[in-house]
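Spelled out, the chains give:
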Amino acid sequence: MNKNANAIVKALAFVKRDFMITTSYKFSFFLQLFGIFLSVLTFYFIAKMFSSASIPSLEPYGGDYFSFVLIGIAFSGYLTTGLGSFSGSIRSEQMMGTLEAMLVTPTSTPFIIISSSLWSFIFTSIRVMVYLLIGVFLFDVNMSNVNIFGALLVLALTIICFSSIGIISASFIMIFKQGDPINWAFSAVSGLLGGVFYPITILPGWLQNFSYLLPITYSLRAMRLALLQGYSLEALTPDIFALILFSIILLPISVTIFKYAVRRAKREGSLALY
């Protein structure tokens, strides 16, 4: 078996393990999916308040608030997963006492951490699809002009950006065990300034400037334009370029910080501590 095939087999083993753990708690699994429907229904009724109003800030996205916020709450799940899955995987393996054993195997540390988080991203993708399907088939969200390739490209770059931040967050957990300022800061600031629940254009000008420092701002704007308006790749270029720039900056920084965190934890003998 060649190296690439062996890596795929190992990654699938992690996914299978986490899938079996998640689905073993069937009631919790059902509640998560049912919670999606309740969340969508809540914002549907909120959007009803604006159904007869013309809102200029929503016009670039088609003018419908429900469609706007549906994509916001669906795809912001990748931010939550990116920020929490890596640190969550480390914490879980520490609690089970398996982290140190895995990290001394020939398998590289980044591969172990990424593989441990694969199921989280797969399940988030399932959740996003459920959000969109509910919106389209039950609440008449119009995605007939969708640019699928553009949306997938934006999604790939989004996952890279959010995962990079999440790896930095995991590094804090590995070193300090308690407290994770990266996760808290990006979650709070992105919810306020990232355009999840409302267009950033309604913010004061000085706050909008901070919004442009966040990957989620470009991700959600590009995703909405691709899904709701069918924008071409050329039209999406400014946001795609910004996400590429974030990826180029954040990914190597996150890998460097994580490698340092692993070396320090090994040196201090604290890999198994939590």
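About the criteria used
- Residues numbered from 1 in each chain as written.
- Predicted model: local features only at pLDDT ≥ 70, side-chain atom pairs only at ≥ 80, totals over all residues.
- Heavy atoms only, no water.
- Helix = DSSP H or I, 4+ residues; strand = E, 2+ residues; numbered from the N terminus.
- Expected span 1.5 Å × (residues − 1).
- Buried < 20%, exposed > 50% of the residue type's maximum accessible area, 1.4 Å probe, protein only.
- Core = buried A, V, L, I, M, F, W, Y, C linked by side-chain atoms within 4.5 Å.
- Contact = heavy atoms within 4.5 Å.
- Axes fitted to C-alpha atoms, helices over the stretch in contact; angles between N-to-C directions.
- Parallel < 35°, antiparallel > 145°, perpendicular 65-115°, else oblique.
- Left-handed = near helix turned anticlockwise from the far one by under 90°.
- Patch = residues over 30% accessible without salt bridge, like charges linked within 9 Å, V, L, I, M, F, W, Y side chains within 5 Å.
- Areas by Shrake-Rupley, 256 points an atom, 1.4 Å probe, with all protein chains shown as cover.
- Salt bridge = Lys/Arg side-chain N within 4 Å of Asp/Glu carboxyl O.
- Polar contact = N/O pair within 3.5 Å; in protein donor to acceptor, adjacent residues only side chain to side chain.

Chemist: Whenever I open this one, helix α9 (residues 215-228) confuses me. Can you help?
Modeler: Note that an α-helix has 3.6 residues per turn; residues three or four places apart therefore point the same way. Taking 1.5 Å per residue, 14 residues should reach 20 Å; α9 reaches 20 Å between its end C-alpha atoms and fits that length. Along α9, 13 of the 14 residues are buried, which leaves the element largely enclosed by surrounding structure. Downstream of α9 by a residue or two, G230 has a phi angle that is positive, lying close to 65 degrees.

Chemist: Hey, could you run me through the nonpolar core in this one?
Modeler: Among soluble globular proteins, nonpolar side chains are generally buried collectively. In terms of nonpolar packing, the biggest core is built from 66 residues, with V40, F75 and M223 touching the most fellow members. Residue assignment for this core shows that the elements contributing at least two residues are α2 (26-48), α3 (65-96), α5 (109-139), α6 (148-176), α7 (181-193), α9 and α10 (233-268). When residues in this core are grouped by element, the largest group, 13 residues, is from α3. Contact partners of M223, with chain neighbours within four places excluded, come to I71, F75, A151, V154 and L155.

Chemist: Would you take a moment to explain the side chain of S163 for this structure?
Modeler: Within the secondary structure, S163 is located in helix α6. Those residues in contact with S163 that lie beyond four places of it in its chain are G82, F86 and F121.

Chemist: Before we go on, may I ask you to explain the packing of α6 against α9 in this structure?
Modeler: Angle between the axes and distance between the axes: these two values describe a pair of packed helices. With their axes 9 Å apart at the nearest point, α6 and α9 run at an angle of 165 degrees to one another. Comparing the axis directions of α6 and α9 gives the class roughly antiparallel. Considering the relative orientation of α6 and α9, their crossing is left-handed. Counting all contacts with α6, which are made through G150, A151, V154, L155, T158, C161, F162 and I165, the residues of α9 involved are P215, I216, S219, A222, M223, A226 and L227.

Chemist: Please explain a nonpolar patch on the surface as it appears in this structure.
Modeler: A contiguous nonpolar patch, built from F241, I244, L245, I248, I249, I253 and I257 and spanning about 630 Å² of accessible area, is present on the exposed surface. Take I244: it is sitting in helix α10. Note on I244: relative accessible area 35%, which makes it partly exposed.

Chemist: Looking at this structure, how should I read the side chain of S219?
Modeler: By the element assignment, S219 lies in helix α9. We classify S219 as buried; its relative accessible area is 3%. Within the local environment of S219, its side chain forms a polar contact with the side chain of T158, the two groups lying 2.6 Å apart. In this structure, S219 is in contact with V154, T158 and L243, ignoring residues within four places of it in sequence.

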